[in-house]
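# Understanding the architecture of this molecule
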Amino acid sequence: MSEYSTAQLREWDRRHVWHPFTQMLDWERDDQIVIEKGEGCWLIDTDGNRYLDGVASMWTNVHGHCRPELNQALKEQVDKLEHSTLLGLASEQSIILAARLAEITPPGLEHVFYSDNGSTAMEVAVKMAYQYQVHHGRPERSRFITFRNAYHGDTLGAVSVGGIDIYHATFKPLMFEALQAPAPYCYRCELGCQDKTACGMKCLQALELIMQEQAGSVAGLVIEPLIQGAGGMIVQPPGFLKAVRRLCDRYDLLMIADEVATGFGRTGRMFACQHEDVVPDIMAVSKGIAAGYLPIAATIASSQVYRAFLGEYSELKTFFHGHTFTGNPLACAVALKSLELFERDDLLTALQPRIARLSERLVQFRNLPHVGDVRQCGLAAGVELVENKESRRAYPWEMKIGVRVCLEARKYGIFSRPLGNTVVIFPPLVISDSELEFLLDALERSIRAVTGC
Ligand SMILES: *Cc1c(COP(=O)(O)O)cnc(C)c1O
């Protein structure tokens, strides 16, 4: 039991906590759930109510909450060393983790630059890619190609390569300009294609056109491999990622893969790039790396990128970037134990029937009269609700249809958070069969109730 009453905690929360991505006027009006404990796939509030964590605590949780092995690893590490800087010193856990990451990431990605979160991992990637071009005598290559609906974080560099207007447009005056390519959002294809593959992926031609015309001013391309997460769980057609890699090679651009959401098993492989045998030049990881325990991120570069920064001290080729808590030993220790659990539990194999079951169940969702599109990639899915299925007309955003479905699902003991009109399914990877059924039953019932069918 908390030493403070739920009412007291709520009162202080209203007064003092400014929640992310939240209209605080709405927030202050309602009594909010105050989470106190976690257990497996469940979150438990200060009154003892249990909620299935349907979004894996913002897409971070892998092995469940308060997993004993991870707790133990954290406790053991804290008695050895809580933190020591990587500026001027090496540290044990960060070394072992870097070596492991080099082993499990696509071949050629060898050099691990640590930071704290997905946004910083992407800032690092973008700055690294630009400085790489500078070292190659091409300082004019300062721009980035990005995709519409892309999300790479909320710091200014990450926002500049993002493509979600509702989040990003306000900050336009503060951003650097990026070249935006059409997203392979097949359900709402901006190039007018009706079918996922029959079009021969026209969006790739549009991308190539940008490269043809602009490559001379471009440092690199930034992509969320296989699935654009925050954009609405938008899944790319098979072959898209591979084709993007080929285009980057043809026009001599660095490919930056943002695996912050997809990394560490979410797609059914350790990394999304591995589905298409793609090796990016730079890969950013964060959310799942320490199994949702602690903030840590890594930007992992190929040797080609890394070597461009080597030079005499006086040449000023150093990568002048760093964060205070870089390579934190507690986070690294948990990340290492998490990787051990992936192996010991053979989690990627165990995941396959769960992913298959999710696909089967999603068919039922597809048939609902207000479900326009259902998209799945591994153990991540999005169910896009529409006002009119025939015309694909979206619900007006003021209707908050996604939010209402999630509030309805709470009555059944589910915590979920939508992306606009898209209901998200993104549970911890260890979710059991019965918990997955429970989650999907509740979401289906909630969609029916809120859309009136
Ligand atoms: C969440 C996310 C980020 C940003 O990570 P933060 O830790 O929230 O800064 C970046 N890229 C992708 C693909 C993400 O899903």
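Residues numbered from 1 in each chain as written. Predicted model: local features only at pLDDT ≥ 70, side-chain atom pairs only at ≥ 80, totals over all residues. Heavy atoms only, no water.

### Some remarks on the overall build of the chain
Rules: Under the DSSP-based scheme used, a helix requires at least four consecutive residues in state H or I and a strand at least two consecutive residues in state E, with every element numbered from the N terminus. The size measure is the radius of gyration over C-alpha atoms, and the globule rule it meets is 2.2 Å times the number of residues to the 0.38 power. Three exposure classes are used, based on accessible area relative to the maximum for each residue type with a 1.4 Å probe and protein chains only: buried under 20%, partly exposed in between, and exposed over 50%. The contact definition used throughout considers only heavy atoms, calling two residues in contact when any of these lie within 4.5 Å.
Scanning the chain from N- to C-terminus turns up 15 helices and 17 strands. Rg of the C-alpha trace for the chain: 22 Å, near the compact-globule value of 22 Å for 453 residues, within the 12% margin. Along the longest, intermediate and shortest principal axes, the C-alpha atoms of the chain span 65 × 60 × 45 Å. By residue count, 55% of the 453 residues in the chain fall in the buried class. Sequence separation of at least 24 residues holds for 71% of the intrachain contacts in the chain that already meet a minimum separation of 6.

### Some points on helix H15 (residues 433-451)
Formally: Here the expected span of a helix is defined as 1.5 Å times the quantity of residues minus one.
Between its terminal C-alpha atoms H15 stretches 27 Å, which fits the 27 Å expected from 19 residues at 1.5 Å a residue. Every buried residue of H15 is accounted for by Glu435, Leu436, Leu439, Leu440, Ala442, Leu443, Glu444, Ser446, Ile447, Val450 and Thr451. Of the residues trailing H15, Gly452 is marked for its positive phi of about 70 degrees.

### Overview of the packing of aromatic side chains
Here is the rule we go by: Aromatic pairing here means that ring centres of Phe, Tyr or Trp (its six-membered ring) are within 6.5 Å. Orientation follows from the plane angle: under 30 degrees is stacked, over 60 is edge-to-face, and everything else is tilted.
Within this structure, the stated rule accounts for 10 aromatic pairs. Both rings, one in Phe21 and one in Tyr167, keep their centres 4.8 Å apart while their planes meet at 65 degrees; by these two values the pair is edge-to-face. Here Tyr167 lies in helix H8 (residues 165-168) and Phe21 lies in the loop between helix H1 (6-16) and helix H2 (24-29), a separation of 146 residues in the sequence. You can call Tyr167 partly exposed: its relative accessible area is 27%. On the numbers, 6.4 Å between centres and 45 degrees between planes, the contact of Phe144 with Phe176 is tilted.

### Remarks on the pairing of strand E2 (residues 42-45)
Rules: We treat two strands as partners when DSSP finds at least two bridges between them.
Alternating residues of E2 divide into Trp42 and Ile44 and Leu43 and Asp45, and every residue in both groups is buried. By the bridge criterion, 4 bridges tie strand E1 (residues 35-39) to E2 in an arrangement that is antiparallel. Counterpart to Lys37 in the pairing with E2 is Ile44. In sequence, E1 turns back onto E2 through a hairpin of 2 residues, with Gly40 there showing a positive phi of about 60 degrees. Bridge count for E2 against strand E3 (residues 50-53) is 3 bridges, and the pairing is antiparallel. Pairing of Trp42 across the sheet is with Leu52, part of E3. In this structure, the hairpin formed by E2 and E3 is closed by a connection of 4 residues, where Gly48 is found at a positive phi of approximately 90 degrees.

### Points about the sheet that holds E3
Taking strand neighbours across the sheet as the criterion, the 4 strands line up as E1-E2-E3-E16 in an open arrangement whose pairing is mixed. Edge positions in the open sheet fall to E1 and strand E16 (414-415), since each of these has one partner strand only.

### Observations concerning the site of the ligand
In plain terms, the rule: Here, proximity means that at least one heavy atom of the residue falls within 4 Å of the molecule or strand. Counted as a polar contact is a pair of N or O atoms within 3.5 Å, where, for protein atoms, one must be capable of donating a hydrogen and the other of accepting one, and residues adjacent in sequence contribute only when both atoms are in side chains. The protein chains shown are the only cover counted for residues, whose accessible areas, like all others here, come from Shrake-Rupley with a 1.4 Å probe. Gly is put with the polar residues, along with every residue not named as nonpolar or charged; the nonpolar set is Ala, Val, Leu, Ile, Met, Phe, Trp, Tyr, Cys and Pro, and the charged set is Asp, Glu, Lys and Arg.
Taken together, Trp59, Asn117, Gly118, Ser119, Tyr151, His152, Gly153, Glu224, Asp258, Val260, Ala261 and Lys287 make up the full set of residues near the ligand. Here Gly118 contributes a backbone N or O atom positioned 2.8 Å from an oxygen atom of the ligand. In isolation the ligand offers 380 Å² of accessible surface; the protein chains occlude 84% of this area. Tallied by class, residues from the shell around the ligand come to 4 nonpolar, 5 polar and 3 charged.

### Structural notes on the sheet that holds strand E11 (residues 282-285)
Condition: Note on definitions: angles span 0 to 180 degrees between N-to-C directions of axes, and those axes are lines fitted to C-alpha atoms, for helices only across the stretch in contact.
Overall, mixed pairing links the 7 strands, which are arranged E4-E12-E11-E10-E7-E5-E6 in an open sheet. Two strands close off the open sheet at either side, each with one partner strand: strand E4 (109-115) and strand E6 (179-181). Averaged over all pairs of adjacent strands, the angle between their axes in this sheet comes to 20 degrees, without regard to strand direction. Relative to strand E12 (residues 297-302), E4 is paired through 6 bridges, and the arrangement is antiparallel. Its bridge partner being in E12, Phe113 is matched across the sheet by Thr299. The strands touched by helix H5 (residues 92-104) within the sheet are E4 and E12, with E4 carrying the most contacts at an inclination of about 135 degrees.

### Focus: helix H6 (residues 118-135)
With 18 residues, H6 ought to run about 26 Å at 1.5 Å a step, and its terminal C-alpha atoms sit 26 Å apart, in line with that. Gly137, located one to two residues past H6, shows a positive phi value of around 75 degrees.

### What about the side chain of Thr451?
Its location among the elements puts Thr451 in helix H15. Take Thr451: its relative accessible area is 9%, and that puts it in the buried class. Setting aside its immediate chain neighbours within four residues, Thr451 contacts His370, Leu385 and Tyr395.

### Description of the environment of Ala297
Looking at the element boundaries, Ala297 is found in strand E12. With near-sequence residues (within four places) excluded, Ala297 lies in contact with Phe113, Tyr114, Ser115, Asp116, Asn117, Gly118, Ala121, Val285 and Ser286.

### So, the domain arrangement of the chain
Short version of the rule: Residue ranges labeled as domains rest on an automatic or database domain assignment. Defined here as a combined quantity, buried area equals the accessible surface (1.4 Å probe) lost by two parts on assembly, summed across both. Here, a salt bridge means any Lys or Arg side-chain nitrogen found within 4 Å of an Asp or Glu carboxyl oxygen.
As assigned here, the chain comprises domain 1 (33-66 + 346-451) and domain 2 (72-344). Using C-alpha coordinates to define each centre, domain 1 is positioned 26 Å away from domain 2. Across the contact, 37 residues belong to domain 1 and 32 residues belong to domain 2. For the pair domain 1 and domain 2, the two sides together bury roughly 2700 Å², of which 59% comes from carbon and sulfur. Between domain 1 and domain 2 we count 1 salt bridge in total. Its salt-bridge partner being Arg188, residue Glu384 comes within 2.8 Å of it at the nearest N-O pair. Seen at the junction of domain 1 and domain 2, the total is 15 residue pairs in polar contact (both at pLDDT 80 or more). Only helix H3 (56-59), helix H13 (347-366), strand E13 (371-377), strand E14 (380-388), strand E15 (393-394) and strand E17 (422-425) provide two or more residues apiece to the side of domain 1 that touches domain 2.

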